[in-house]
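Chain and residue survey
Here is how the chains run, residue by residue.
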Amino acid sequence: MSGRALACIVAFHPLPESLAALVGQLCADAGAVLVIDNGDTLDPRDPLWAGHANLSWHRPGRNLGVAAALNVAVAHAIAHGFDYMHAFDQDSR
């Protein structure tokens, strides 16, 4: 992925360690990573997420569903000037 790429992960009650592995891989490859936490079960301040300067969070307070979450990600990508957006779910490898 290029520096102009946003990687978006839509998550709903994921296993934190599994998601952390995906976040780590994508943070190394993408210009930025956005996690949409549809279940509001993750704490962005948890040390598990430390060290990823290009990681951001969207916590809607309710389950938006996949399609609406991806719409949020597209809007984020456009607003922040990304050329590409790659979509993942919490189980992607």
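For the structure given in this document, a descriptive report is provided here. This structure is a prediction, so every number in the text was calculated from the model and none was measured. (Residues numbered from 1 in each chain as written. Predicted model: local features only at pLDDT ≥ 70, side-chain atom pairs only at ≥ 80, totals over all residues. Heavy atoms only, no water.)

**Some details on the overall build of the protein chain**
We count it as follows: Secondary structure follows DSSP: runs of H or I at least 4 residues long count as helices, runs of E at least 2 residues long count as strands, and numbering of each begins at the N terminus. Only the C-alpha atoms count toward the radius of gyration. The rule for a globule is 2.2 Å times the residue count to the power 0.38. Note on classification: 1.4 Å probe, protein chains only; a residue is buried when its accessible area is under 20% of the maximum for its type, exposed when over 50%, partly exposed between these limits. Should any heavy atoms of two residues lie within 4.5 Å, those residues are counted as being in contact. Surface accessibility follows the Shrake-Rupley procedure with a 1.4 Å probe radius. Residue values consider only the protein chains on display as shielding.
When helices and strands are counted, the protein chain shows two helices and four strands. Along its sequence from the N terminus, the protein chain presents helices and strands in the succession β-α-β-β-α-β. Computed over C-alpha atoms, the radius of gyration of the protein chain comes to 12 Å, within 12% of the 12 Å expected from 2.2 N^0.38 for 93 residues, which places it in the range of a compact globule. In terms of overall dimensions, the protein chain has a C-alpha envelope of 30 × 25 × 25 Å along the principal axes. The 93 residues of the protein chain split such that 34% are buried. In the protein chain, the share of contacts with a sequence separation of at least 24, taken over all contacts with a separation of at least 6, comes to 68%. Surface accessibility of the protein chain: about 5,000 Å² in total, with carbon and sulfur atoms responsible for 54%.

**Focus on the packing of aromatic side chains**
Operational definition: Each Phe, Tyr or Trp ring (for Trp, its six-membered ring) is paired with any other whose centre lies within 6.5 Å, and the angle between the two planes then decides the class: stacked below 30 degrees, edge-to-face above 60, tilted in between. Note on criteria: charge over ring means Lys NZ or Arg CZ within 6 Å of the ring centre, with the direction from the centre no more than 35 degrees off the ring normal.
Tallied over the entire structure, the rule returns one aromatic pair. Ring plane angle 70° and centroid distance 5.2 Å describe the contact between Trp-49 and Trp-57, whose orientation is recorded as edge-to-face. In this structure, Trp-49 and Trp-57 share a single accessibility class: buried. If you follow Arg-4 out to its NZ or CZ, it ends over the ring of Phe-82, 5.6 Å from the centre.

**A word on the environment of Ala-53**
Relative to the helices and strands, Ala-53 resides in the loop between strand 2 (32-37) and strand 3 (55-58). Considered as a pair, Ala-53 and Ala-32 are 21 residues apart in the sequence and their alpha carbons are 8.5 Å apart.

**Description of the side chain of Gln-90**
Where we set the bar: Here a polar contact is taken to be a pair of N or O atoms separated by no more than 3.5 Å, where protein atoms must pair a possible hydrogen donor with a possible acceptor and residues adjacent in sequence count only if both atoms sit in side chains.
Following the sequence through the fold, Gln-90 ends up in the segment after strand 4 (84-89). Within polar-contact distance, the side chain of Gln-90 engages the backbone nitrogen of Phe-12 at 2.6 Å. With residues up to four places along the chain from it excluded, the contact list for Gln-90 reads Ile-9, Val-10, Ala-11, Phe-12, His-13, Pro-14, Ser-18, Leu-19 and Leu-22.

**Focus on the pattern of salt bridges**
Let me state the cut-off plainly: Here a salt bridge means any side-chain nitrogen of Lys or Arg lying within 4 Å of a carboxyl oxygen belonging to Asp or Glu.
Scanning all chains against the criterion turns up four salt bridges. In this structure, Arg-59 engages Asp-37 in a salt bridge whose closest nitrogen and oxygen atoms are separated by 3.5 Å. Placement of Arg-59 in the loop between strand 3 and helix 2 (66-79) and of Asp-37 in strand 2 is noted, with a sequence separation of 22 residues between them. Assessed through its relative accessible area of 38%, Arg-59 is described here as partly exposed. Between Arg-59 and Asp-40 there is a salt bridge whose closest N-O contact spans 3.7 Å. In this pair, Arg-59 sits in the loop between strand 3 and helix 2 while Asp-40 sits in the loop between strand 2 and strand 3, placing the two residues 19 residues apart along the sequence.

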